[in-house]
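Analysis of the macromolecular model
Given next are the chains, with one letter for each unit.
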Amino acid sequence: MEVNAMSYALGVDVGGTTVKLGLFSAEGTLLEKWEIPTRTENRGEEILPDIAVSLRNVLARRGIAAGDVAGIGIAVPGPVDKNGTVHGCVNLGWGVLNVKEAMNRLLPEIPHVAAGNDANAATLGELWRGGGAGCSSTAMFTLGTGVGGGIVVNGSIIAGARGGAGELGHITVEPGETVPCACGKCGCLEQYASANGIVRMGKAMLSACETPSALRSMERFTAKDICDLAREGESMACSIVDRFGEYLGRGLSFVAATVDPDIFIIGGGMSRAGSVIIDAVSKYYRRYAFHISADTPIVLAELGNDAGIYGCAKMALS
C-alpha cells in the first residue's frame with residue numbers, strides 16, 4: 001500500500017475497441033497505464049460503468065484515497081460541447097449523452113470530471129508533455145486513415161460552440177474537387193493529406209503520366225511505400241509527397257492566420273515518415289503563411305498513443 005502525500009489525476013481515452021486509462025501525478029508523470037475492452041453492445045451502456053469499476057480497482061490496489069485525486073479527464077471520439085455533452089458517437093453506439101454528468105454519478109467521490117473530444121485531448125497532451133512542451137498554444141494535425149486534429153490556445157482547448165472546432169481534416173483546400181470526402185463535402189484536406197488520401201492522389205498522378213516508378217509494380221501500395229521511395233529519392237514518389245506537402249502546408253497556413261500558434265505538431269501514423277513529410281509541409285507552409293507566422297516551427301508528435309491519456313489528465317488538473 002502506498003502513502004499518498006500528493007494529488008493524482010486520471011486520464012481516460014475511449015476508443016471504439018479499447019479504453020486507455022492512465023494514473024498520473026499532479027506534475028504529469030505517468031505512473032501506470034492500462035486498457036480495458038470497449039463494450040459497445042446495447043448502445044454502449046456498459047462503457048462508462050466499466051471505466052468506473054476499473055478506476056476504482058486501481059485506486060484501491062494502490063491505496064489512493066478519492067480525496068487525493070484531483071479529477072478525471074475523459075475523451076471520446078465525437079464532438080463534445082462545453083457542458084460535457086457528446087452529440088453522437090457512432091463508434092460507441094451513443095446518441096446525445098452528457099459524459100461529464102454520467103461519470104459524476106458513477107464516481108461521486110472524485111471531485112472533478114472533465115470531458116472532451118479525443119483529438120483535442122491528444123493535442124493538449126502533446127502540448128503539455130510531448131512535442132509542444134514549453135509552449136502555450138498549438139494546432140496538431142493527426143495524419144492517419146483520415147486527418148484529425150485539435151487547437152489549444154493559452155493552454156485551453158478550443159472546442160467551439162458545438163464542439164466542432166479543430167476539425168482540421170475538413171478545411172477545404174481544393175475547391176475544384178468533384179469526389180466527395182467521407183463527410184460529404186468535396187476538396188477536404190483529408191482527401192489529400194491522410195494515409196488514404198495520399199494513396200488516392202498517388203494513383204491519380206500515376207495514371208496521368210508515364211514516369212517510371214516502383215509503385216507501378218505494387219498491387220496495393222501504401223502511404224508508407226510512397227514515403228519510403230521518396231526518402232530514397234525516387235522522382236515519382238517525391239512528386240506525390242510534394243503535392244501532399246502543398247495541400248497540408250496550405251491547411252496549416254489557414255490555421256496560422258486564424259490562431260497563430262506557437263508551434264504546429266504533426267502526429268498520427270504518417271508522422272512516422274519523419275523528415276520526409278516535415279520538409280515537404282514546411283516548404284509550402286512558408287510560401288502560403290502570412291509573413292509574421294511563416295517561421296512557426298513544425299514538429300513531430302512524441303507521445304504516440306499515450307497523447308490522449310496525457311491530455312485527459314491535464315484536463316482533470318485544470
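As shown above, the structure is provided for reference.
Residues numbered from 1 in each chain as written. Predicted model: local features only at pLDDT ≥ 70, side-chain atom pairs only at ≥ 80, totals over all residues. Heavy atoms only, no water.

**What about the packing of aromatic side chains?**
Using the following cut-off: Pairs were defined over the aromatic rings of Phe, Tyr and Trp, the Trp ring being its six-membered one, requiring ring centres within 6.5 Å. Orientation was assigned from the angle between planes: stacked under 30 degrees, edge-to-face over 60, tilted for the rest. Going along the chain from the N terminus, every DSSP run of H or I of four or more residues is numbered as a helix, and every run of E of two or more is numbered as a strand. With a 1.4 Å probe rolled over the protein chains alone, any residue whose accessible area is under 20% of its type maximum counts as buried; one over 50% counts as exposed, and the rest are partly exposed.
Under the counting rule described, the total for this entry stands at five aromatic pairs. Taking 6.4 Å as the distance between ring centres and 55 degrees as the angle between the ring planes, the aromatic pair formed by F141 and F264 counts as tilted. With F141 in strand β8 (residues 138-143) and F264 in strand β11 (residues 263-267), this residue pair connects regions lying 123 residues apart in the sequence. In terms of burial, F141 and F264 fall into one category: buried.

**Remarks on the sheet that holds β11**
To keep things clear, this is the line we draw: Each pair of strands is called paired provided DSSP finds at least two bridges between the two strands. Throughout, a residue-residue contact means that at least one pair of heavy atoms, one from each residue, lies within 4.5 Å. A fitted line through C-alpha atoms serves as each axis, taken over the contacting stretch for helices, and the angle formed by two N-to-C directions is quoted from 0 to 180°.
Pairing in this open sheet of five strands is mixed, and the strands run β10-β9-β8-β11-β12 from one edge to the other. Two strands in the sheet have a free side with no partner beyond their single neighbour: β10 (156-157) and β12 (298-300). Looking at chain direction, strand β9 (residues 147-153) and β10 are connected through two bridges and run antiparallel. Bridging from a neighbouring strand, V152 pairs with I157 of β10. Where helix α8 (residues 235-259) meets the sheet, it contacts β8, β9, β11 and β12, and its direction lies at approximately 155 degrees from that of β8.

**Things to note about the sheet that holds strand β7 (residues 113-117)**
Taken in spatial order, the five strands of this open sheet run β3-β2-β1-β4-β7, and their pairing is mixed. Single-partner strands in this sheet number two, and they are β3 (30-37) and β7. Here the strands of the sheet are splayed against their neighbours by 15 degrees on average, with no regard to which way each runs. Here strand β2 (residues 18-25) runs beside β3; their pairing, made up of seven bridges, is antiparallel. For G22, the partnering residue across the bridge sits in β3 and is K33. The sheet contacts of helix α4 (residues 118-129) involve β1 (8-14), β4 (69-76) and β7, and relative to β7 the element is tilted by about 105 degrees.

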